[in-house]
Structure formats: structure tokens, C-alpha cells
Amino acid sequence: MIFDQVIGFFSSDMGIDLGTANTLVLVKDKGIVINEPSVVAVERERYGGSKAKILAVGKEAKDMVGKTPANIEAIRPMKDGVIADFDMTEKIIRYFIEKTHRRKNFLRPRIVISVPYGLTQVERKAVKESALSAGAREVFLIEEPMAAAIGASLPIQDPKGNLIVDIGGGTTEIGVTSLGGLVISKSIRVAGDKLDTSIVNYVKTKYGIIIGERTAEDIKIEIGSAYPLEKELSMAVKGRNQGTGLLDRIDLSSEDVREAMRENLKEIADSLRIVLEMMPPDLASDIFENGIVVSGGGALIRGLDKYLSEAVRLPTYIADDPLLCVARGTGKILEEISLLKQLTNEE
């Protein structure tokens, strides 16, 4: 116990939003110190070797996506909000711990990690073990909708219902909070990555141009919208013509992107309706009064608040700095030990 206290004195407790697309790291009393893509670039041994050498992590690794030779692979260890590669997840957590603390020895932080709602016990154990193997002293898990609600400054402890929709890279998390707990929650694997894939497929089907997912993400950010714009946007897109095999260029409009994302956005709206239909009448009254708060990277899609508001006929608001809500939530939890234990069911 005394040894743990000494270790804790020299370490900085951390909150990690371990996302499919990006990983954000928050250090207690310092705020968010890392915001980088959840990507690891590895070099495989030649001639059929199985060992992998880590070449880059984060932004540097993402810059390699789609541009690597045969012996180098850019890996995203998180897929659809869950761990797809345990070894690489451990390495990415270790990298961020060491980068945060700058020194590698004698620093074992307590870590709060946000995870999608509905993660199985096996998956939860895998996340914990990855963080412990990476050097954590203690690991606490918090469901993403709760972390997002706290980060968005919703009054989760009040006896009133609050509804949060967190649209990340791999999952969309919908949660209703009241009295410090999640009353209803739903997680669907339709979020930023699926939107990117839909844009890739749309451009290929309509224009016969093959683009990569990185280009699709750029398109989504630059001209994507969920609701008609007063002035529609356009963007020059370059890719390979699937008919001729030659490089080609087209002008893509925000109307095109909206059509490409239409089914995905509808699925998110339909899931929101299901949660509203499951809600007890008294909480429904609170939500009618308080409205819906949207966080996560998907909240930055133009007109998403109008789209969801029209779909469910409730006022909808975009959280302040929606990309940072989950990470900020883990930080607030670190500041209150009693809240930490309550929300993570730890004694």
C-alpha cells in the first residue's frame, strides 16, 4: 500500500478516450495533452517472419495509411469501438503513457478508460489487461455515454433525465442519465468509419472513381452535411477511374455527400427513436424539456443538430468542443474518487 502511494506521488493519473479513430489522453490537473490517431505502423520481418517492429504511432503512423510497401503495415487496433488487435492496443497505450510521462521507469499512473456501452466482460477484461500490461497501476472503465455526458457538463447526479448522443469513429453511443447512472443506453456500430465507407462506395458507384478511406474522411470534413445548406459546397476529388485504370478527377458536392451518408444517418436517428420509445414517462418529460446533446467527432457534421431535431421532434444541441467531451469526462471523474468508484462499480 505504501509503495503504491509512493508510486502514485510520482505519477500523473490519466484519462484515456481510446477511440477507433483517435486517442485522447488527459492528465489530471493538466488537461488534454495528447490527441492523435489510433494507428500503429509496423514493419513485418521479411521472408515470412511473424515479428513486428513498431515504426510509428499516432499521426505519423496515419500519414502512412495507404502508402506503405509490402513489409510495412498501418494498423488500427480498435475496430467498431472494440479491440481488434490486443498486442497493438497494448503498444499504443504504452506509447501514450510513456509520451505523457516522458520517463519510462517508476511511473505507474491510475488510468480511467472510456469504453462503448455493452462491451462484454471478456472485452472489458482485455481492455484492462492491455492497460495494466502497458504500465498502469490501476485501471477503471467508464461507459462512453456517461463519460460524454459528464464532459458535456450535463447534471448527471440530478434526479432528471439527460440524453446524450456520442458519435465517434467506430460506434454511436446513446445514453439517458439520471441520479448518477445510465437509465437507458444503446450502442450501434454506425459512426464515422461507416460514413467514410459509404462515401467511398457512393463515389465508386455514381462516378466510377475509386478513392481511399482517408480521402473519404477529408471529403466528409470539408463538405459533408446532414441537412441542406443555404449555400451548398463542392470539392475537387482525385482518384482512379475504375474503367480506364487511369487517374481521374471529379467535382463532388455536399449534396452528393449527404446522399452518400443518408442511410447511415437514418440508422442513427432510428436508434435514437428506439431509446426514446423505451424511456419511462417521467424521464421523457425531462428530455422534452432539456432536449438532446450531441458529442463526438460526428457532431461536427454540418446540420446534424437540425437533422436529428427534425427526425425526433426534439430540440437538439451540439456540445461545446464535442470531440473532447469523452476525454474531459474521464478527467472530471479522476478528480472525484467517490464518483470514480460509483461510476466504475469499483470498491
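Now for a description of the structure that goes with this document.

About the criteria used
- Residues numbered from 1 in each chain as written.
- Predicted model: local features only at pLDDT ≥ 70, side-chain atom pairs only at ≥ 80, totals over all residues.
- Heavy atoms only, no water.
- Helix = DSSP H or I, 4+ residues; strand = E, 2+ residues; numbered from the N terminus.
- Contact = heavy atoms within 4.5 Å.
- Areas by Shrake-Rupley, 256 points an atom, 1.4 Å probe, with all protein chains shown as cover.
- Pairing = 2+ DSSP bridges.
- Axes fitted to C-alpha atoms, helices over the stretch in contact; angles between N-to-C directions.
- Core = buried A, V, L, I, M, F, W, Y, C linked by side-chain atoms within 4.5 Å.
- Buried < 20%, exposed > 50% of the residue type's maximum accessible area, 1.4 Å probe, protein only.
- Parallel < 35°, antiparallel > 145°, perpendicular 65-115°, else oblique.
- Nonpolar A, V, L, I, M, F, W, Y, C, P; charged D, E, K, R; others polar.
- Phe/Tyr/Trp six-rings, centres within 6.5 Å; stacked < 30°, edge-to-face > 60°.

A short note on the overall build of the protein chain
Secondary structure assignment for the protein chain yields twelve helices and 18 strands. The long-range fraction of contacts in the protein chain, counting pairs at least 24 apart against all pairs at least 6 apart in sequence, stands at 63%. If you sum the accessible surface of the protein chain, you get close to 17000 Å²; carbon and sulfur atoms cover 50% of it.

Re the sheet that holds strand S1 (residues 14–18)
Pairing is mixed in the open sheet, where five strands are placed in the order S3-S2-S1-S9-S10. Each edge of the open sheet carries a strand with a single partner, namely strand S3 (31–37) and strand S10 (138–143). Direction aside, the axes of adjacent strands within the sheet are offset by 20° on average. Across six bridges, strand S9 (residues 110–115) lies against S10 in parallel orientation. Bridge assignment links Val-115 to a residue of S10, and that residue is Glu-143.

Regarding the nonpolar core
Ranked by size, the top nonpolar core spans 43 residues in total, and within it Leu-163, Ile-199 and Ile-211 carry the most contacts. Top contributing element to this core by residue count: helix H8 (residues 254–278), with eight residues. Filtering out sequence-adjacent residues up to four positions away, Ile-211 remains in contact with Ile-199, Val-200, Val-203, Ala-216, Ile-219, Val-237, Lys-238 and Gly-239. Membership of the second largest hydrophobic core comes to 28 residues, among which are Val-57, Ile-92, Leu-119 and Val-127.

Remarks on the environment of Lys-53
Its location among the elements puts Lys-53 in strand S5 (residues 52–57). By relative accessible area, which is 52% here, Lys-53 ends up exposed. As for Lys-53 and Glu-43, which are separated by ten residues in sequence, their C-alpha atoms are 5.0 Å apart.

Quick word on the packing of helix H5 (residues 144–151) against helix H11 (residues 325–335)
Packing of H5 against H11 leaves a shortest axis separation of 7 Å and a crossing angle of 85°. By the angle class used here, H5 and H11 are roughly perpendicular. In this structure, H5 contributes Glu-144, Ala-147, Ala-148, Ile-150 and Gly-151 to the contact, and H11 contributes Cys-325, Val-326, Arg-328, Gly-329, Lys-332 and Ile-333. The class makeup of the residues in the contact of H5 with H11 is six nonpolar, two polar and three charged.

Structural notes on the packing of aromatic side chains
Each aromatic ring pair is described using two quantities: the centre-to-centre distance and the angle formed by the ring planes. Tallying each qualifying case throughout the model produces one aromatic pair. The interplanar angle of 70° and the centroid separation of 5.2 Å between the aromatic rings of Tyr-95 and Phe-96 together place this pair among those described as edge-to-face. Note on Phe-96: relative accessible area 1%, which makes it buried.

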